[in-house]
Amino acid sequence: MLSHSYPCCQTAPGFRPPRLAFKITAMSPENKPRILCLHGFRTSGLILRSLITSKWPDTVLRDLDLDFLDGPFPATGKSDIERFYDPPYYEWYQASKGFTEYRNFEECLDYVEDYMIKHGPFDGLLGFSQGAFLSAALPGMQEQGKALTKVPKVKFLVLISGGKIPGLRFGQPKAAVGAFASPVRCPSLHFIGERDFLKTEGEVLVESFVEPVVIRHKSGHTIPKLETEAEETVLSFFQRIRQMLSDESSSVRSLM
């Protein structure tokens, strides 16, 4: 079933309170991975939900518990999807034209963590575009104690049209500088489009992960439809995730 959650979270200094979040869950959430979904630049949680539910089959969605969150900051400029989707649009953080300086990145980290504390626990993250750049860096930052220090470890990632935050080579944003200093060991599923302007960045990102699962598709910078082979790959990935979560749960119970 489809449900809508209206979070009421306390604000952290410097940013707006969490906005409307859209949640997709099945009738029984037992053994279903809980995933926080982070949308692309100047879009929204509602738009990402619309894209995923229209392009991914029920065979995939029925076994997932997806929570779509809006970014903390209203769009500061024109959105590329204005012809297709109505506002409002949001951003996770801002960067200068050359990606040499970032603004509100630490505030973004606090915002995401605050939502995870109030509405978690979450098992993994799904990110598209700017949301994928952010999601990809979070496990490394969490490992170093620079982000998500008050919530459980991120156990897996789904990254669509993502890459490494470009400003890392300039030492910006500081919290993310060492995010990829060591290979990222959490399971990861990557989508790379043949016509995506971020294709090269996506290929470089894959190299930072241990045993990544990669789906290459013929589309551009978008949520791709899942053809038969891709659907089987996604189903296999999440079957592995469910088994991992089940094993962890069993291990915890055995210690009680």
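Since this is a predicted model, take the numbers as computed values, not measurements.

Here we look at helix 3 (residues 105-119)
Thinking step 1. Taking 1.5 Å as the rise per residue, helix 3 with 15 residues should run 21 Å; its terminal C-alpha atoms sit 21 Å apart, in good agreement.
Thinking step 2. Listing the buried residues of helix 3 in full gives F105, C108, L109, Y111, V112, E113, D114, Y115 and M116.

Things to note about the pattern of salt bridges
Thinking step 1. Scanning the model with the defined rule gives 8 salt bridges in all.
Thinking step 2. As a salt-bridge pair, R42 and E91 come within 2.7 Å of each other at their nearest N and O atoms. Taken together, the residues R42 in the loop between strand 3 (34-38) and helix 1 (45-55) and E91 in strand 6 (residues 90-91) connect sequence positions 49 residues apart. We note that R42, like E91, is buried.
Thinking step 3. Here K78 and E82 are joined by a salt bridge, their closest N and O atoms 2.8 Å apart.
Thinking step 4. By relative accessible area, E82 is classed as partly exposed at 35%.
Thinking step 5. One connected set of salt bridges, linked through shared partners, spans R34, D65 and D67.

Looking at the pairing of strand 10 (residues 156-160)
Thinking step 1. Summarising burial for strand 10: 5 of the 5 residues are buried, a large majority.
Thinking step 2. Alternating residues of strand 10 divide into F156, V158 and I160 and L157 and L159, and every residue in both groups is buried.
Thinking step 3. Relative to strand 10, strand 9 (residues 124-128) runs parallel, the two sharing 5 bridges. Its bridge partner being in strand 10, G124 is matched across the sheet by F156.

Notes on the nonpolar core
Thinking step 1. One finds L134 and M141 to be the most contacted residues of the largest nonpolar core, which totals 39 residues.
Thinking step 2. Going through the elements one at a time, strand 3, helix 3, helix 4 (130-143) and strand 10 are the ones with two or more residues in this core.
Thinking step 3. Beyond its immediate stretch of four places on either side in the chain, M141 contacts F105, L109, K146, A147, A175, A176 and A179.

Things to note about empty space enclosed by the protein
In this approach the atoms are scanned with a rolling probe the size of a water molecule, which exposes any empty space left behind.
Thinking step 1. By the definition in use, this model includes 1 cavity of 30 Å³ or more.
Thinking step 2. In this structure, the largest cavity encloses a volume near 40 Å³.
Thinking step 3. Elements supplying a minimum of two residues to the lining of the largest cavity: strand 11 (188-193) and helix 5 (199-206).
Thinking step 4. The biggest single contributor to the lining of the largest cavity is strand 11, with 3 residues.
Thinking step 5. When grouped by side-chain class, the residues that make up the lining of the largest cavity number 4 nonpolar, 4 polar and no charged.

Definitions and cut-offs
In this numbering scheme, every chain counts its residues from 1 along its sequence in written order. Only residues with pLDDT of 70 or above have their local features reported here, since the model is predicted, and side-chain atom pairs are shown and tallied only from 80 upward, although totals for entire chains, interfaces and linings are computed over all residues. To obtain the side-chain values, all non-hydrogen atoms of the structure were included, while hydrogens and water were left out. Secondary structure follows DSSP: runs of H or I at least 4 residues long count as helices, runs of E at least 2 residues long count as strands, and numbering of each begins at the N terminus. What a helix should span is 1.5 Å times the count of its residues minus one. With a 1.4 Å probe rolled over the protein chains alone, any residue whose accessible area is under 20% of its type maximum counts as buried; one over 50% counts as exposed, and the rest are partly exposed. Whenever Lys or Arg places a side-chain nitrogen within 4 Å of a carboxyl oxygen from Asp or Glu, that contact is recorded as a salt bridge. Should DSSP find at least two bridges between two strands, the strands are taken to pair. The nonpolar core is taken to be a set of buried Ala, Val, Leu, Ile, Met, Phe, Trp, Tyr and Cys residues, with the residues joined through side-chain atoms within 4.5 Å. Any two residues having at least one pair of non-hydrogen atoms within 4.5 Å are treated as being in contact. Site definitions follow a grid-based scheme: protein atoms alone, a 1 Å grid, a 1.4 Å probe that fits but cannot get out for cavities, and for pockets an open set with protein on both sides within 12 Å along at least five of seven lines, plus lining residues having an atom within 4 Å of a point. Grid points are joined across faces, edges and corners, and a volume is the space filled by probe spheres set on the points. Gly is placed with the polar residues, together with every amino acid not listed as nonpolar (Ala, Val, Leu, Ile, Met, Phe, Trp, Tyr, Cys and Pro) or charged (Asp, Glu, Lys and Arg).

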